[in-house]
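# Topology and contacts: notes
Read off the chains here:
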Amino acid sequence: MSGGTRSFEMAKRFVSQGHEVHVVTSFRENTKHKGWFKTKEQGIHVHWLSVPYSNKMSFARRNLAFAHFAFAALKRAIDLNGDVVLATSTPLTIAIPGVGASKFLNVPMVFEVRDLWPELPIAVGALKNPLSRTLALWLERFAYRNAKRIVALSPGMRDGIVRTGYPSENIRVIPNSCDITRFRGESVSAERFLAKYPHLRGKQLVMYTGTMGLINGVSYLVYIAAEMKKLKPDVHFVVIGSGKEEHKVRLEAERNGVLGINFTLLPRLAKAEMPDALAAATIATSLFVDLPQMWHNSANKFFDALAAGRPVMINYQGWHADIIRKNGLGIVVPANHAEHAAHLLADFLNDPVGIRNAGVAAARIAEEEFDRDLLASQLLEVLEDAVGVRSKLRTIPQEPY
């Protein structure tokens, strides 16, 4: 499911190494099931709790959903009687079942930090109440204090954790990863995607795939498209996804005269269709509003682009920008100057050799530094180290990027 790719892919690889894996998670779509139900997904025992959830919900309603799941998941995790607990956040409320099960079963907990909460909701103004902030900060430190090891998804996240006083030697940086076989396998077909959307054929495609949330600022792509219409009419912008800002993005595209001209909004694709879409892209994008706190992100869309061997355009600084510049993977455009961004993008798209070289570089770094099998073995080493089991997998040097 959306948001579950990392956990699913890592768990599959743990199963292949002979481990028994139980995933306790929420089922967010409509279902006939009430309460808990169980499935088995490629050897993984998945325990689902039906909890309606959407990015379009208010922050308060989302917090209620998180809390409901957290306390229900605590009992289920205890009943499973595992040897180690891996709690993956966001949200921070996942620390409740994680720490609770760890204490009750007297087993170690490894806490995985996928975003710096509560730093981000405070930065975007979602946590305004002083009491809410205090509780969130307490929960953050509660999770860290009770973790035998912490996994951070970026160097910046690691630094944020260290600032709370947690020992750096117990933190491992394991970012999101590249499923190269899935995005560059023999079954991948750009033609299949273009046959479904023939008006995109013959265009240079600038593609965004993912959530249209408040922090993503996808409307910025509309403003770049409006300028690009004058510079290079053969460039077409494609946004695939959904989210709270979807209506705003559509309205802005209409208001700027680009919707249906050089800007297309497509609904969220099935997971199996995404490789075809990226194969058709000339350049993929990862976007955020202008917040320094977002520079530490480890967005799946960035790594999916690398896995597909596609150049990348981002509009933020930080470690992703450093990777792009160091390896020639694409371009970094300003966060708040669409006209300048359009000119930088047009220059890039006018250089076929540069496009090809950036794609080759993206494919290379995906294989050498972010391959999912390599990073799954690192995460398994952390779990085995936490329980005192010596890993038989080879150790991979940390943070080559």
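A brief structural summary. Just so we're clear, the structure is a prediction, and the values are computed from it rather than from any experiment.

## Here we look at the overall build of the chain
A tally of helices and strands in the chain yields 16 helices and 13 strands. Taking 2.2 N^0.38 as the reference for a compact globule, 401 residues should give roughly 21 Å; the C-alpha atoms of the chain span a radius of gyration of 21 Å, in line with that estimate. C-alpha atoms of the chain, sized along the principal axes, occupy 65 × 45 × 45 Å. By element, 53% of the accessible surface of the chain is carried by carbon and sulfur atoms, the whole surface being about 18,100 Å².

## Examining the side chain of Thr-209
Looking at where Thr-209 falls in the secondary structure, it is placed in strand S8 (residues 204-209). Residues contacting Thr-209, with those up to four places away along its chain left out, are Ile-240, Met-274 and Lys-301.

## Details of the pattern of salt bridges
For the coordinates displayed, the defined rule picks out 19 salt bridges. Asp-385 serves as the salt-bridge partner of Arg-149, at 2.9 Å between the closest nitrogen and oxygen. Taken together, the positions of Arg-149 in strand S6 (residues 149-152) and Asp-385 in helix H16 (residues 372-386) put the pair 236 residues apart, joining distant regions of the chain. You can call Arg-149 buried: its relative accessible area is 18%. The residue Asp-159 makes a salt bridge to Arg-158 at a minimum N-O spacing of 3.1 Å. Within this structure, Glu-9, Lys-12, Arg-13 and Asp-373 form a network of salt bridges that share partners.

## Considerations on empty space enclosed by the protein
This model, assessed by the stated rule, comprises 1 cavity of 30 Å³ or more. In this model, the largest cavity occupies a volume close to 40 Å³. Asp-115, Leu-116, Leu-120, Met-157, Gln-293, Met-294, His-296 and Asn-297 together form the lining of the largest cavity.

## Some points on the sheet that holds S8
A sheet is described by the order of its strands in space; here 6 strands give the open sequence S10-S9-S8-S11-S12-S13, paired in parallel fashion. Both edges of this open sheet fall to strand S10 (263-266) and strand S13 (330-332), since each of them pairs with a single strand only. On average, each strand axis in the sheet is inclined to that of its neighbour by 20 degrees, with strand direction left out of account. In the sheet, S8 pairs with strand S11 (residues 283-286) via 2 bridges, with the strands oriented parallel. Its bridge partner being in S11, Val-206 is matched across the sheet by Ile-283. Seen against the sheet, helix H9 (residues 219-231) touches S8, strand S9 (235-240), S10, S11 and strand S12 (312-314) and runs at an angle of roughly 165 degrees to S9.

## Considerations on the environment of Ile-96
Inspection of the secondary structure puts Ile-96 in helix H3 (residues 95-105). C-alpha separation for the pair Ile-96 and Val-206, spaced 110 residues apart in sequence, amounts to 41 Å.

## Considering the nonpolar core
If you look at the biggest cluster of nonpolar residues, it comprises 63 residues, and the most contacted ones within it are Phe-193, Met-207, Leu-306 and Phe-370. In terms of residue count, H16 provides more of this core than any other element does, 7 residues in total. Judged by nonpolar contacts, the second largest core, of 35 residues, contains Ala-73, Ile-78, Val-113 and Leu-153.

## With respect to the pairing of S9
In summary, the side chains of a regular strand alternate between the two faces of the sheet. In terms of burial, S9 is a largely internal element, 6 of the 6 residues being buried. Residues Val-235, Phe-237 and Val-239 point to one face of S9 and His-236, Val-238 and Ile-240 to the other, with burial holding for every one of them. Where S8 lies against S9, 6 bridges are found, and the strand directions are parallel. Its bridge partner lying in S9, Thr-209 is registered against Ile-240. Bridging between S9 and S10 involves 4 bridges; their strand directions are parallel. Among the inter-strand pairings, Phe-237 is bridged to a residue of S10, identified as Phe-263.

## Let's talk about the sheet that holds strand S2 (residues 36-41)
Pairing within the open sheet is mixed, and its 3 strands lie in the order S1-S3-S2. In this open sheet, the two strands that pair with only one neighbour each are strand S1 (22-27) and S2. The average angle at which neighbouring strand axes cross in this sheet is 30 degrees, direction not considered. The sheet contact formed by S1 and strand S3 (residues 44-50) spans 6 bridges and is parallel. Among the inter-strand pairings, Val-23 is bridged to a residue of S3, identified as Val-46. Strands in contact with helix H1 (residues 5-16) are S1, S2 and S3; relative to S3, the strand with the most contacts, it is inclined by about 145 degrees.

What counts and what doesn't
- Residues numbered from 1 in each chain as written.
- Predicted model: local features only at pLDDT ≥ 70, side-chain atom pairs only at ≥ 80, totals over all residues.
- Heavy atoms only, no water.
- Helix = DSSP H or I, 4+ residues; strand = E, 2+ residues; numbered from the N terminus.
- Rg over C-alpha atoms; globule rule 2.2 N^0.38 Å.
- Areas by Shrake-Rupley, 256 points an atom, 1.4 Å probe, with all protein chains shown as cover.
- Contact = heavy atoms within 4.5 Å.
- Salt bridge = Lys/Arg side-chain N within 4 Å of Asp/Glu carboxyl O.
- Buried < 20%, exposed > 50% of the residue type's maximum accessible area, 1.4 Å probe, protein only.
- 1 Å grid on protein atoms, 1.4 Å probe; cavity = no way out; pocket = protein on both sides within 12 Å on 5 of 7 lines; lining within 4 Å.
- Points joined across faces, edges and corners; volume = space filled by probe spheres on them.
- Pairing = 2+ DSSP bridges.
- Axes fitted to C-alpha atoms, helices over the stretch in contact; angles between N-to-C directions.
- Core = buried A, V, L, I, M, F, W, Y, C linked by side-chain atoms within 4.5 Å.

Bear in mind that shape data such as this cannot, by itself, settle questions of function.
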